[in-house]
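Tertiary structure, described
Take a look at the letters that make up each chain.
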Amino acid sequence: MRFSFTEEQRQMRDALRSSLTESCPSGRVRAAWKTPDAALRTELAEQGILAINLPEDAGGLGLGAQDWVLLAEELGLVAAPVNLIETLATNPTLAAIGALDLASQVGTGAEYVALEEPGGYALDADKAAGILAVRDGRVGWLRDATLVAQTSVDGTRRPFKVDGRFEAVDADATELLDRAALAAAAELVGLSRRMLDLAVEYSKSRRQFGKPIGSFQAVQHHLVDALQRIAFAAPAVYRAAWSVDTNHPNRSVHVSMAKVYASEAALFTGRKALQVHGAIGYTFEYDLHMWMKRAWTLSSAWGDVRHHTDRVGQFVMSGGQDA
Amino acid sequence: MRFSFTEEQRQMRDALRSSLTESCPSGRVRAAWKTPDAALRTELAEQGILAINLPEDAGGLGLGAQDWVLLAEELGLVAAPVNLIETLATNPTLAAIGALDLASQVGTGAEYVALEEPGGYALDADKAAGILAVRDGRVGWLRDATLVAQTSVDGTRRPFKVDGRFEAVDADATELLDRAALAAAAELVGLSRRMLDLAVEYSKSRRQFGKPIGSFQAVQHHLVDALQRIAFAAPAVYRAAWSVDTNHPNRSVHVSMAKVYASEAALFTGRKALQVHGAIGYTFEYDLHMWMKRAWTLSSAWGDVRHHTDRVGQFVMSGGQDA
Amino acid sequence: MDLEFSDSEKRFRDDARAWLEANVPRTPLKSGDSREGFAEHVVWEKKLHAARWSVVSWPAKYGGRDASLVEWLIFEEEYYRSGAPIRVTQNGIFLLAPTIFEFGTEEQKERILPAMSSAERLWAQAWSEPEAGSDLASVRSHAERVEGGWKVYGQKTWTTRGAFCDGIYGLFRTDPNSERHKGLTYLLVDLNQPGVTVRPVERIDGDESFAEVFLDGAFVPDANVLGGVNQGWKVAMSTTSSERGLSLRSPGRFMKAADRLVDLYQRRPDPGLRDRVTRAWMDAQLYRLYTFQTVTRMIEGGEIGADSSLNKIFWSEMDIRLTETALELLGPDAELLGGSPHAVDDGDWMLDFEFALAGPIYAGTNEVQRNIVAGRVLDLPR
Amino acid sequence: MDLEFSDSEKRFRDDARAWLEANVPRTPLKSGDSREGFAEHVVWEKKLHAARWSVVSWPAKYGGRDASLVEWLIFEEEYYRSGAPIRVTQNGIFLLAPTIFEFGTEEQKERILPAMSSAERLWAQAWSEPEAGSDLASVRSHAERVEGGWKVYGQKTWTTRGAFCDGIYGLFRTDPNSERHKGLTYLLVDLNQPGVTVRPVERIDGDESFAEVFLDGAFVPDANVLGGVNQGWKVAMSTTSSERGLSLRSPGRFMKAADRLVDLYQRRPDPGLRDRVTRAWMDAQLYRLYTFQTVTRMIEGGEIGADSSLNKIFWSEMDIRLTETALELLGPDAELLGGSPHAVDDGDWMLDFEFALAGPIYAGTNEVQRNIVAGRVLDLPR
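This one's a predicted model, so the numbers in the text were calculated from it and none came from an experiment.

1. A look at the overall build of chain A
If you tally the helices and strands in chain A, you get eleven helices and seven strands. Relative to a compact globule of 323 residues, whose C-alpha radius of gyration would be 20 Å, chain A shows 19 Å and is just as compact. Once the C-alpha set of chain A is aligned to its principal axes, its extents read approximately 65 × 50 × 40 Å. Expressed as a percentage of its 323 residues, the buried residues of chain A come to 64%.

Okay, structure coming up:
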């Protein structure tokens, strides 16, 4: 029993944090609301992140969820305008079906494979070399797809309603969607951490009634409650990464728990952060809303709280044990 | 549109408050945990309260729910160890089935008619001249009843599991149970008000960290949140009284709303009051727990929050309108 | 107690409903918080006024119908029920006007109120400043005495629709040696004059309805002092009490929202959310009951007082619960904005949710409201 | 990351489970918080000790097995899973002992710990006083210097099972000129001596496990000073940190409660409460994960620190949600106490709920815990 990351995993996290702090300030996120940020995929590819969980014969690092979960969290921390979730989810599927050429091109950032969310939308489907989808419990390609562009409340997301000829492949659908839900949960933890940081910093500098608002117990307790949810969501996410890597018999239950707690932590933290900020947080000019909107969308994408609670409920009510 | 009580109704309320403040201090409630307080029924009878909603030809005052709802609230305020709910509920039923002799004896306090709660228990059934029950939507007497005594967490309540030969009578079951739920809701509002008062007073006198705990924002906001729930539950209860009197087409919906909000206000206020008190509130010697336990029992008796929410839900989802 | 409406109240409702059904635009207007939409809304306001529905509770001489408070609530219910456009005049007619009725001179009433009810001149509130949000007494904007009036200096923020309105109202420090609540004056400032710069600020929902107003020597004639020099705090408290009380959010708004939510549930049922949908409907009804109780108390000579703070806490948090429930029903469709081909209800729920999130912030944060109730109602120590 | 248990950990679990299955009393004991039940529980504690299961993580020489923290958690899981009696020794072994391990002399360890692990001498905490609850630094009980030790005076309250135990531990003001955190000393006071009066205080659940302890010149030998004269605050903070941290409420307790709740749901299903039952189960699992993460950090050289406050907030509020859900499932049966012929699960859920309600109060109220996190973790200003 050892519930911690390796030194190497933490170093990869730290390295990505350094590079993103430099390369992906909030202004870059804001710019991506106007113009999609194609360069960011390339930059991540250069750091090996798009190929992290591809096999070596597809140019990948052959690593697993425990290795990328902290990186996905980092992308949340900066609200990076890039679809890493889809890539982390589909990479092992591409390898499993032997699409190694395509996989290696995804790894270099030359190509992008879209994945239809369970809700029926696929991000950036117009730029995808292929669209994977799950239909009736099976994975497959959507060929000759028709795309209907939608507008998301998060301006960096470009969802399309997709439909097409379904061409089944031999891959595990639950594994695929579990990876996506896990990556989303990790991003949500990162988003939450940053929203809390913003609110804590603001509460120290903003003065009302002659003192910093962060000295008022009501504000303090809002922030502590958010911290508590984040602090407890994180181990659920990390455990799920281990369960994905080890293909634990209760993997899906663990992923669902991760998604539930991470979604709720992000929604709760967003609300409390906005409340602590007051009107400034309600402006487009201030950064908070970009994190908050990503939190709203990721918490309902890849299975929302109801969906994942229900999945755990089915396990528990049928006598499932996890201790 | 006039949503207020008459001067007369308020005077009756004030008169009962004066008399109960004198006659029913918390020590009397405490004593009733050991020995049932038979005298209190007689005292209420002498003030006409047991006969308030009996017709004049049964020695009653011929008044309605709008006249007794504030009185039930007063009984809650002092946690009076008496089953007024059953009497307020069954009186009109006794009149409706022509049991005027029995009704007049209930009105004088000489007899007591028990009413089986929807959960299957009847209070003080061993002392009852008769036990009314609702089975399959019909009202009737339980004749030759077997009684199995239970122990309630509220030591002033003496529930019995009852069964017997069901002898149907010609009375409206929903009306009967609506009156009981309304009376319970009113008592819950009174219980809540007193628990809040106790907590407010305690928070002003108890000092920690060099000041009254009532000056801490966290404590203040606990108490305000309780006050808000009580302040909003009360009009729901008062409206339901009017709807009972006018036999409003949406009477049951209004009663359910009253019971839901009053139950939640009482449960919430109890929790917050206990938290504000700390350990002292957790002792048997201190009064708070007697109010709190009555709140626990009355919130689940006569239809709990789930039951009444569901009843409103059926109305709403079937297109019911109430404006 | 009589919770039936009187025959005349019922007739009033029928009249309002009939007019609204005949006149409410069938195609929704553009957002009243955008410049283009604002103009469309002003046209609608003028139409309302022409039929004497713009300010039903005002005296007829100012454009109203002398309606009772109950009738006003009935009108509000019908207004929201009909799906009529939001009132871009609301910060004038609901927040400034009650203060003018209470503190204004006859001259002010006759000059300001008819132009307000007819939407000739639109008013924006200017309470907040960069250093004064919930802490209203820390305003720094000030006014200097000049011939015939005042010159005003400073910065006001979050003046909703300030970029489109004609005037603002707010507090200015008129006694430079004063502190906090003292030495403040309630002034009405014309925005169409030199010394005024208005910078629109985009909100998170994409509308540009916030504005920052920079004042650098704009002139305010003595006639635009409301309630006396250095009396501003008292006058403003009256306004904020109206703001928090009855008029800011009437029950009809939430009853309509709850009905829409029930309708959404019926189209996308999810048994796990049924109780929450029911509760949202119940909450809206409860808010209506509470309001009728308050109105009765006012009619019988009572006051709103600090109850308006309980009120504000209730509706603002109810609105969030309600809209959150809608988003949960929508699940992955929740994120789609209006204009998206697959958006449900044209994406309105997300906009409603975003707007609801502002509820616990504006008009005095809910933390401040709870402090007010703790001190004034529960008499808790500071 | 390796979330599997090692083979030796699995063997440890198997051993514990086997012994508990063979030895846990089949008929539940009377409440350990009643005098009669307490005696029964002490018999059980001695049996636990005889098989060396009473303090698994202690060194063998004090009665333990030198078990790791992970093994201790495993033991706790098995202990609760087996339905074994509550530990009436817990305020000694979980709260006092860690402080003795950290601050005690060798003599103290050898004298106190074996008698504690064998349930020869049972200890009660004496933190609270009438004027010192969450504000521990305001203790008024004091100790006067005498030949060979101290005489103690004052009143301690809420000393759980104080009426049945042999000794108490707590803070006393030893420097009469000191204030607040200074001049306090951590003393161990024998209750079986003149100058000690113990008054049982009944709790709301009917047990008499609270006690008030009146001290009027009782003697404390120098050997019972823990950690040095006037060093009491530092020593006590160590204890309360243990108290709030790992040992007070181990995950096994809530996992067992969640399993019982799922079982209750299966007997009395109510789809409207299904998600909440599921959530209770998830919460217990989450608490386990959080604890394993903390234990790993400690094993790797880290400290609990203020995280223990987050921990306490979580489990105490989870426990209330869990037991409230059970009561809602029970509906009108919830009020029936044990002994009632129709009580479900012998009325345990109501007792569990009542006990859960105390969670946000004892061991430092949750308000104080939130203040601690705000200050120490978020570094918010005072």
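Picking up after the structure, the text goes on.
2. Some words on the packing of helix α8 (residues 217-245) of chain A against helix α8 (residues 217-245) of chain B
Axis separation between α8 of chain A and α8 of chain B bottoms out at 8 Å; the angle between their running directions is 85°. For the element pair α8 of chain A / α8 of chain B, the angle class is roughly perpendicular. Contact residues: α8 of chain A offers Gln 217, Ala 218 and His 221 of chain A, while α8 of chain B offers Gln 217, Ala 218 and His 221 of chain B. Considered class by class, the residues forming the contact of α8 of chain A with α8 of chain B number two nonpolar, four polar and no charged.

3. A look at the sheet that holds strand β3 (residues 130-135) of chain B
Residues and elements named next belong to chain B. Read across the open sheet, the five strands follow the order β1-β3-β4-β5-β2; overall the sheet is mixed. At either end of the open sheet lies a strand with only one pairing partner, and these are β1 (113-115) and β2 (121-123). Ignoring strand direction, the axes of neighbouring strands in this sheet form an average angle of 45°. Examined bridge by bridge, β2 and strand β5 (residues 159-172) share three bridges and lie antiparallel to one another. Bridge pairing in β5 places Leu 123 opposite Pro 159. Helix α5 (residues 84-96) rests against β1, β2, β3, β4 (138-149) and β5 of the sheet, and its axis sits at about 105° to β1.

4. Observations regarding α5 of chain B
All names here are of chain B. Taking 1.5 Å per residue as the helical rise, α5 with its 13 residues ought to reach 18 Å, and the 19 Å between its terminal C-alpha atoms agrees with that figure. Thr 90 marks where α5 bends most, by close to 35°; the proline Pro 92 follows one to four residues later. Of all the positions in α5, only Leu 84, Ile 85, Glu 86, Thr 87, Leu 88, Ala 89, Thr 90, Asn 91, Thr 93 and Leu 94 are classed as buried. The positive-phi residue at the C-terminal boundary of α5 is Gly 98, with phi of around 80°.

5. Focus: the packing of aromatic side chains
Evaluation of the coordinates by the stated rule reveals 56 aromatic pairs over all chains. Between the aromatic rings of Phe 232 of chain A and Phe 314 of chain D, the centroid separation amounts to 4.0 Å while the plane-to-plane angle is 15°, which identifies the pairing as stacked. Of this pair, Phe 232 of chain A sits in helix α8 while Phe 314 of chain D is found in helix α9 (residues 307-330), placing the two residues in two different chains. Residue classification places Phe 314 of chain D among the buried residues on the basis of a relative accessible area of 6%. Seen in terms of ring centroids, Trp 127 of chain C and Tyr 169 of chain C are 5.9 Å apart; in terms of plane orientation they differ by 80°. Their pairing is edge-to-face.

6. Side note on the sheet that holds strand β4 (residues 138-149) of chain A
All names here are of chain A. Strand order in this open sheet of five strands is β1-β3-β4-β5-β2, and the pairing throughout is mixed. Whereas interior strands pair on both sides, the edge strands pair on one side only; in this sheet they are β1 (113-115) and β2 (121-123). Averaged over all pairs of adjacent strands, the angle between their axes in this sheet comes to 45°, without regard to strand direction. Two elements, strand β3 (residues 130-135) and β4, share four bridges in a ladder whose sense is antiparallel. Across the sheet, the residue bridging to Leu 132 is Trp 141, located in β4. Relative to the sheet, helix α7 (residues 173-205) contacts β1, β3, β4 and β5 (159-172), its axis offset from that of β5 by approximately 130°.

Scoring rules and cut-offs
- Residues numbered from 1 in each chain as written.
- Chains lettered and ligands numbered in written order.
- Predicted model: local features only at pLDDT ≥ 70, side-chain atom pairs only at ≥ 80, totals over all residues.
- Heavy atoms only, no water.
- Helix = DSSP H or I, 4+ residues; strand = E, 2+ residues; numbered from the N terminus.
- Rg over C-alpha atoms; globule rule 2.2 N^0.38 Å.
- Buried < 20%, exposed > 50% of the residue type's maximum accessible area, 1.4 Å probe, protein only.
- Axes fitted to C-alpha atoms, helices over the stretch in contact; angles between N-to-C directions.
- Parallel < 35°, antiparallel > 145°, perpendicular 65-115°, else oblique.
- Contact = heavy atoms within 4.5 Å.
- Nonpolar A, V, L, I, M, F, W, Y, C, P; charged D, E, K, R; others polar.
- Pairing = 2+ DSSP bridges.
- Expected span 1.5 Å × (residues − 1).
- Bend = angle between axes of the 7 residues up to and from the residue.
- Phe/Tyr/Trp six-rings, centres within 6.5 Å; stacked < 30°, edge-to-face > 60°.

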